[in-house]
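Secondary and tertiary structure notes
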Amino acid sequence: MLEPLRQGLPPLDPAAVSDAASCSLPARYEAVGDARRFTRRTLDQWGLGDHFDDICLVVSELVTNALRHAMPANSAHSGEHDPPVRLHLMRWTGRLVCAVRDPSQDSPVARDSDDFSAESGRGLFLVDSFSDSWGWHPMAGTLGGKVVWALFRLQPHAGPAAASAE
């Protein structure tokens, strides 16, 4: 269900990019709330607020995983100038990509668990369930770490004109 994990984004025409926004997130769990608020504001500005629930769930899981599993032990107190985690939202015609960059080279790992009452360990299964596709890739060049991304296909909305045509 979750394989292959190490893959790049599917081909997207750079000329069709409509909007892009990103924010840095501090190495503390309160940053998940910051990511949700940033996602809400951005989607509202892009007229995509009705997609918020699914996208926000995925953003929350990706940011939580980055903070929980990809941060060095001393990152909360380090004097680094670059924030350790960045959230990127990119919209193409008909598609939206959420991407979270973190400093770890380790691949995301979905836990096998039959315990459906467990309160953690299902994040990547939720990402897989709520997005149309997802994956990850290591950063290139001098940037270390990786990017974990999720892609959403944006369906055209049936407005009054579409409803009257039926």
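Residues numbered from 1 in each chain as written. Predicted model: local features only at pLDDT ≥ 70, side-chain atom pairs only at ≥ 80, totals over all residues. Heavy atoms only, no water.

Within the protein one finds four helices and five strands. Scanning the protein from its N terminus toward the C terminus, one meets helices and strands in the order β-α-α-β-β-α-β-β-α. Taking all contacts inside the protein whose residues are at least 6 apart in sequence as the whole, residues at least 24 apart take part in 68%. (Helix = DSSP H or I, 4+ residues; strand = E, 2+ residues; numbered from the N terminus. Contact = heavy atoms within 4.5 Å.)

As a further point, take the pairing of strand β5 (residues 146–153). Summarising burial for β5: seven of the eight residues are buried, a large majority. Here strand β3 (residues 95–102) runs beside β5; their pairing, made up of eight bridges, is antiparallel. Residue Arg 101 lies in a different strand from β5, and its bridge partner there is Val 147. Across six bridges, the pairing between strand β4 (residues 133–138) and β5 is antiparallel. Its bridge partner being in β5, Trp 134 is matched across the sheet by Ala 150. (Buried < 20%, exposed > 50% of the residue type's maximum accessible area, 1.4 Å probe, protein only. Pairing = 2+ DSSP bridges.)

So, on to the nonpolar core. Membership of the largest hydrophobic core comes to 33 residues, with the highest contact counts inside it found for Leu 25, Val 59, Val 63, Leu 87 and Leu 96. Of all the secondary structure elements, the ones that give two or more residues to this core are β1 (17–25), α1 (31–45), α2 (52–69), β2 (85–92), β3, α3 (123–130), β4 and β5. When residues no more than four places from it in sequence are discounted, the contact partners of Leu 96 are Leu 43, Trp 46, Leu 48, Ile 55, Met 90, Arg 91, Ala 150, Leu 151, Phe 152 and Leu 154. Counting seven residues, the second largest nonpolar core, distinct from the first, contains Trp 92, Val 97, Val 147 and Leu 151. (Core = buried A, V, L, I, M, F, W, Y, C linked by side-chain atoms within 4.5 Å.)

Another aspect to go through is the pattern of salt bridges. For the structure shown, the criterion picks out five salt bridges. Here Asp 44 makes a salt bridge to Arg 40, at a shortest N to O gap of 3.8 Å. Remark: Arg 40 and Asp 44 occur in helix α1; sequence separation between them is four residues, near one turn of the helix. Assessed through its relative accessible area of 35%, Arg 40 is described here as partly exposed. One salt bridge connects Lys 146 with Asp 102, and the closest N-O pair in it is separated by 3.0 Å. Here Lys 146 is found in strand β5, whereas its partner Asp 102 is found in strand β3, with 44 residues between them in sequence. What makes Lys 146 buried here is its relative accessible area of 5%. (Salt bridge = Lys/Arg side-chain N within 4 Å of Asp/Glu carboxyl O.)

Take the environment of Ala 66 next. Relative to the assigned elements, Ala 66 resides in helix α2. Through-space distance from the C-alpha of Ala 66 to that of Val 100 is 7.6 Å; in sequence the pair is 34 residues apart. With residues near it in sequence (within four places) discarded, Ala 66 still touches Met 71, Val 85, Val 100 and Asp 102.

Looking now at the packing of aromatic side chains. In total, this model carries zero aromatic pairs according to the counting rule given. Here Arg 40 stacks its cationic end above the ring of Phe 52, 3.7 Å away from the centre of that ring. (Phe/Tyr/Trp six-rings, centres within 6.5 Å; stacked < 30°, edge-to-face > 60°. Lys NZ or Arg CZ within 6 Å of the ring centre and 35° of its normal.)

Moving on to the side chain of Ser 104. Within the fold, Ser 104 resides in the loop between β3 and α3. We classify Ser 104 as buried; its relative accessible area is 10%. Engagement of the side chain of Ser 104 in a polar contact is seen with the backbone nitrogen of Asp 106, the distance being 2.9 Å. Among all residues touching Ser 104, those that are not within four sequence positions of it are Ala 70, Gly 145 and Lys 146. (Polar contact = N/O pair within 3.5 Å; in protein donor to acceptor, adjacent residues only side chain to side chain.)

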